[in-house]
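# Geometric and topological summary
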Amino acid sequence: MSTSQLPVVVIGAGPTGLAAAAHLLERGIELLVLEAGDTAGSAVREWSHVRLFSTWGELTDPAAEKLLAPTGWTKPAAGTYPSGGEWAEQYLQPLAGLLGDRVRYSATVTGVSRSGRDRIVDAERETQPFVVHLATPAGEERVFARAVVDASGTWSTPSPAGASGLPALGEGAAADRITYRVPDLRDPAVRARYAGKRTAVIGSGASAFTALASLADTARDEPGTHAVWILRRGISGSTFGGGSADQLPARGALGLAAKAAVDEGHADAVTGFRTGAVERDGTGRLILVGEDGRKLDPVDEVVVLTGLRPDLSFLSEIRLGLDERLQAPTELAPLIDPNQHSCGTVYPHGHRELSHPEPGVYLVGMKSYGRAPTFLAMTGYEQVRSVAAAIAGDTEAADRVELTLPETGVCGGAGLFDDPAAAQSEDAGCCAAPASAPVRLGVGAPVATPAAAAEDAPAGGCCGS
């Protein structure tokens, strides 16, 4: 079967997937976007209440803007910070609408392979098209592709409470009282679940900071609301971020809000605690048990914010080259190691760093970062620009770097402040608590990641896919 006339399959209609589609279309390459949800940016919409770290100027792709311009679309003010819902409604949905039937919704990819070749077979492997299996409301289907660009992100696979990376004993049985997302406490139904209750928050990144700040705001209006902050390490000078010195002003502001929650008595910090089991008491409340046997006082709810990880299950018949720690492409992993890099210090990269032993397969966007949290939307847009050029055979353009990421500024955001300047004010220093304001979260893996070199939840992601 000839592959030259087949489309490129893009998995995921999020920010990076739709940007990939725009770049492929710009180069005259036919494509098909497969989206598991029923609308563009389905994952983004699940954290629609969260405001991004990045500004509108950093959240739209140049090729996508060119496609949208003739339709009368107007780019929002570059210096403002959208919520997830605004990003989806004002940019992602119009872009997907422009792509028309090149985007298929409610199409969940269940497997990717080479036609007639499992991962063992070498013979004529590279001449065979890719076959993509998917589940749809009408049943199972398969489509053939010349290349596959996986921009499915990591949102669907949050990390568990268990400190070993595996679910704690009893974690599944306690699912009715555990969430792996930052609760939207503006929603009356959600607020009723936590108001006047005792909630454990497990994690040490920006998502945990966001949850603590939100619970503290609730506690000021709802007596009895209290948080227990579970950290695997101790509290040090870097626990709450760098305040106004943080390269991510929004992350610094969130850290200050978490510090204020503890200082004001709305949250208690439990340090050096590695969750090994979740038990119930006689009333149904949950008791967290440490790997050292320590038991905490019962809580009504548990919010687990220990990071995200890629779902690689449907790629099991594809030959991937992944770093053993981060589950990111082997060549990319050293560039994004959260022990060494924040999102502002990751060098722009493209098709070569994203390549695998299986030619024609690319993991892009948040999924390309595996378990690392240092991802920026701008980085994803540069990734897919390079990948589209490589698929088109334009190696010169694919190898060219068209993005510069300064160490500061790119990751900036208003954080807990509606006024961007407030995050830079003297009052935002490392010892000052910010005034109460709507909770914001960065987008890197918005509702469940944040802080470089973090023990549980990575850190400081600014823009996810």
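Our structure's up above, just so we're on the same page.
The structure contained in this document is the topic of the report that follows. Computed from a predicted model, the values in this text were never measured in an experiment.

What counts and how
- Residues numbered from 1 in each chain as written.
- Predicted model: local features only at pLDDT ≥ 70, side-chain atom pairs only at ≥ 80, totals over all residues.
- Heavy atoms only, no water.
- Pairing = 2+ DSSP bridges.
- Helix = DSSP H or I, 4+ residues; strand = E, 2+ residues; numbered from the N terminus.
- Axes fitted to C-alpha atoms, helices over the stretch in contact; angles between N-to-C directions.
- Left-handed = near helix turned anticlockwise from the far one by under 90°.
- Contact = heavy atoms within 4.5 Å.
- Nonpolar A, V, L, I, M, F, W, Y, C, P; charged D, E, K, R; others polar.
- Buried < 20%, exposed > 50% of the residue type's maximum accessible area, 1.4 Å probe, protein only.

The subject of this paragraph is the sheet that holds strand β6 (residues 139-145). Each strand in a sheet pairs with its neighbour through backbone hydrogen bonds, running either in the same direction (parallel) or in the opposite one (antiparallel). Reading across the sheet, the 3 strands line up as β4-β5-β6 and stay open at both edges, with antiparallel pairing between neighbours. Of all strands in the sheet, those with a lone pairing partner are β4 (108-114) and β6, marking the two edges. Strand after strand, the sheet turns through a mean of 20 degrees between neighbouring axes, direction not considered.

Spatial strand order, β8-β14-β9-β10-β11: 5 strands in an open sheet with parallel pairing. Only two strands of the sheet have a single partner each, and these edge strands are β8 (178-179) and β11 (267-270). Bridge count for strand β9 (residues 198-202) against strand β14 (residues 301-304) is 4 bridges, and the pairing is parallel. Its bridge partner being in β14, A200 is matched across the sheet by V302.

What follows deals with the packing of helix α1 (residues 15-26) against helix α10 (residues 377-391). Following both chains from N to C, one finds α1 and α10 inclined at 35 degrees, their axes separated by 9 Å at the closest point. For α1 against α10, the interelement crossing comes out right-handed. Contacts between α1 and α10 involve P15, T16, A19, A20, H23 and L24 from the first element and G380, Y381, V384, R385, A388 and I391 from the second. A class-by-class count of the residues in the contact of α1 with α10 yields 8 nonpolar, 3 polar and 1 charged.

Moving on: the environment of L166. When you line up the elements, L166 lands in the loop between β7 (147-150) and β8. For L166, a relative accessible area of 56% translates into the label exposed. Sequence-wise, L166 and G276 are 110 residues apart; in three dimensions their C-alpha atoms are separated by 9.4 Å.

Moving on, we get to unusual backbone geometry. Not every positive phi belongs to a glycine, and S106 is a case in point at roughly 55 degrees. With respect to the helices and strands, the residue S106 is situated in the loop between β3 (103-104) and β4. With a phi close to 60 degrees, Q327 is a non-glycine residue in the positive phi region. Mapping Q327 onto the fold places it in the loop between β14 and α8 (333-336).

Two elements, strand β12 (residues 275-280) and strand β13 (residues 286-290), share 5 bridges in a ladder whose sense is antiparallel. Considered in β13, the bridge of E279 is made with I287. Linking two consecutive strands that pair antiparallel, namely β12 and β13, is a turn of 5 residues; a positive phi of about 95 degrees is found at G284 within it.

So, on to the environment of G360. With respect to the element layout, G360 can be found in the loop between α9 (351-354) and β15 (361-363). Judged by relative accessible area, which is 17%, G360 ranks as buried. Separated by 213 residues in the primary sequence, G360 and A147 place their C-alpha atoms 4.7 Å from one another. Setting aside its immediate chain neighbours within four residues, G360 contacts F130, A147 and V148.

On their own, these measurements won't tell you what the molecule is for.
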